[in-house]
Amino acid sequence: MNYNNLLNNPEYAFLHSHPRLGERIMLLGVSGSRGYGTDTPDSDIDLRGVTQNLPSDLLGLTSFEQYEDAQTDTVIYSFNKLVTLLLGCNPNTIEILGLDEDQYLIISPLGRELLDNKSLFLSKRAASSFGNYAGDQLRRLQNAIARDTLPQPDQEKHILRSVHNALEDFNRQHNHDGREMIKLYIDAAETPELETEIFLDDEFRHYPLRRYSDLLKTLGNVIRIYKVIGHRNHKKTT
């Protein structure tokens, strides 16, 4: 597909008029299926890019992280935020540096410099960031299948395995073995609508509060994702 005239369409007027965008945009390219080359004639056009920070951002007088336009599914990151994400090999942003030349709608001289130095952002962290992303997607699929096919006690066993996997990922990312601090097990349920459920015993001592908060969020996300996907699938079959 030829994207040369895309930005002349009225729905992309914000790219020219917004004070944070316009000539400040360094890179703008297609994302999603069109970026991966898996698109069909009916595929949507998603755009991702990066724009320069204002001097006042660098001085700490103002703050800007990203601009989003839901109608066109366009996300443009500030340079400062993009670099932070690229250093972590964030799957949603590092793809911006790997498009074919004709998939870029805007490349400024600074954008070209960024592309010329993209190797600076490729590291072994990609194995962790992309692996975690793929693992999350696999767990979503497994949870959906389990919710639709297994009796509730067996579902709980499946969730427990997913929680253990999430806990191992968390410990690996923090170079810390916290398994001895947490005991996860299944017992007779206290929640009325369940037969069995997962319980947790912990023995934390002198553990950083912020890391503890992140740990609880990580474990809670497994339960939340399972319930959300299960609820969606249940609605589809009724």
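Residues numbered from 1 in each chain as written. Predicted model: local features only at pLDDT ≥ 70, side-chain atom pairs only at ≥ 80, totals over all residues. Heavy atoms only, no water.

S.K.: In this structure, what is going on with the overall build of the protein chain? I would like to understand it.
M.R.: Scanning the protein chain for helices and strands turns up nine helices and seven strands. Each of the 238 residues in the protein chain was classed as buried or not, and the buried ones make up 39%. (Helix = DSSP H or I, 4+ residues; strand = E, 2+ residues; numbered from the N terminus. Buried < 20%, exposed > 50% of the residue type's maximum accessible area, 1.4 Å probe, protein only.)

S.K.: Please clarify how unusual backbone geometry should be interpreted in this entry.
M.R.: For residues besides glycine, phi is generally negative; the peptide bonds are generally trans as well. Despite not being glycine, aspartate 73 shows a phi value in the positive range, around 50 degrees. By the secondary structure assignment, aspartate 73 is in the loop between strand E3 (66-69) and strand E4 (74-78). Here aspartate 73 falls in the partly exposed class, since its relative accessible area comes to 32%.

S.K.: I would appreciate a short explanation of the environment of alanine 70 in the present structure.
M.R.: Residue position: alanine 70 is located in the loop between E3 and E4. On the basis of relative accessible area, alanine 70 is assigned to the exposed category, the value being 78%.

S.K.: What's the story with the side chain of arginine 48 in this structure? I'm lost.
M.R.: Assignment of secondary structure puts arginine 48 in strand E2 (residues 46-51). Within the structure, the side chain of arginine 48 is placed 3.0 Å from the backbone oxygen of aspartate 73, a separation counted as a polar contact. (Polar contact = N/O pair within 3.5 Å; in protein donor to acceptor, adjacent residues only side chain to side chain.)

S.K.: Please explain the confidence of the model for the protein chain as it appears in this structure.
M.R.: Reading fine detail from the predicted coordinates is not recommended where pLDDT is low. On average, residues of the protein chain score 81 in pLDDT, and 79% of them are at 70 or above. Across residues 229-238 the pLDDT falls below 50, and counting only partners more than four positions away or on other chains, this stretch makes five contacts in the model. (pLDDT = per-residue confidence, 0-100. Contact = heavy atoms within 4.5 Å.)

S.K.: Explain the pattern of salt bridges to me, please; I cannot follow it from the model alone.
M.R.: All chains considered together, the criterion is met by six salt bridges. Glutamate 101 is the salt-bridge partner of arginine 112, the closest N and O atoms lying 2.4 Å from each other. Taken together, the residues arginine 112 in helix H6 (residues 109-116) and glutamate 101 in the loop between helix H5 (91-94) and strand E5 (104-107) connect sequence positions 11 residues apart. Residue classification places glutamate 101 among the partly exposed residues on the basis of a relative accessible area of 46%. Notably, a salt bridge pairs lysine 157 with aspartate 154, separated by 4.0 Å at the nearest N-O pair. Of this pair, lysine 157 and aspartate 154 are both found in helix H8 (residues 152-173), three residues apart, which corresponds to roughly one turn of the helix. We classify lysine 157 as partly exposed; its relative accessible area is 47%. (Salt bridge = Lys/Arg side-chain N within 4 Å of Asp/Glu carboxyl O.)

S.K.: Can you walk me through the packing of aromatic side chains in this structure?
M.R.: Each aromatic ring pair is characterised by the separation of its centres together with the angle its planes make. Under the defined criterion, the tally for this structure stands at five aromatic pairs. Ring geometry for phenylalanine 14 against tyrosine 67: centres 5.5 Å apart, planes inclined by 25 degrees, an arrangement best described as stacked. Placement of the pair is phenylalanine 14 in helix H1 (residues 14-17) and tyrosine 67 in strand E3, with a sequence separation of 53 residues. The interplanar angle of 20 degrees and the centroid separation of 6.1 Å between the aromatic rings of tyrosine 185 and phenylalanine 199 together place this pair among those described as stacked. A residue pair is termed long-range when its members are at least 10 positions apart, and tyrosine 185 in strand E6 (residues 182-188) and phenylalanine 199 in strand E7 (residues 196-202) qualify at 14 residues. By relative accessible area, phenylalanine 199 is classed as buried at 19%. Taken together, the ring pairs connect Tyr12, Phe14 and Tyr67 into an aromatic cluster. Over the face of the ring belonging to tyrosine 185 we find lysine 183, whose NZ or CZ atom lies 5.2 Å from the ring centre. In this structure, arginine 211 is placed above the aromatic ring of tyrosine 207, and the distance from its NZ or CZ to the ring centre is 5.5 Å. (Phe/Tyr/Trp six-rings, centres within 6.5 Å; stacked < 30°, edge-to-face > 60°. Lys NZ or Arg CZ within 6 Å of the ring centre and 35° of its normal.)

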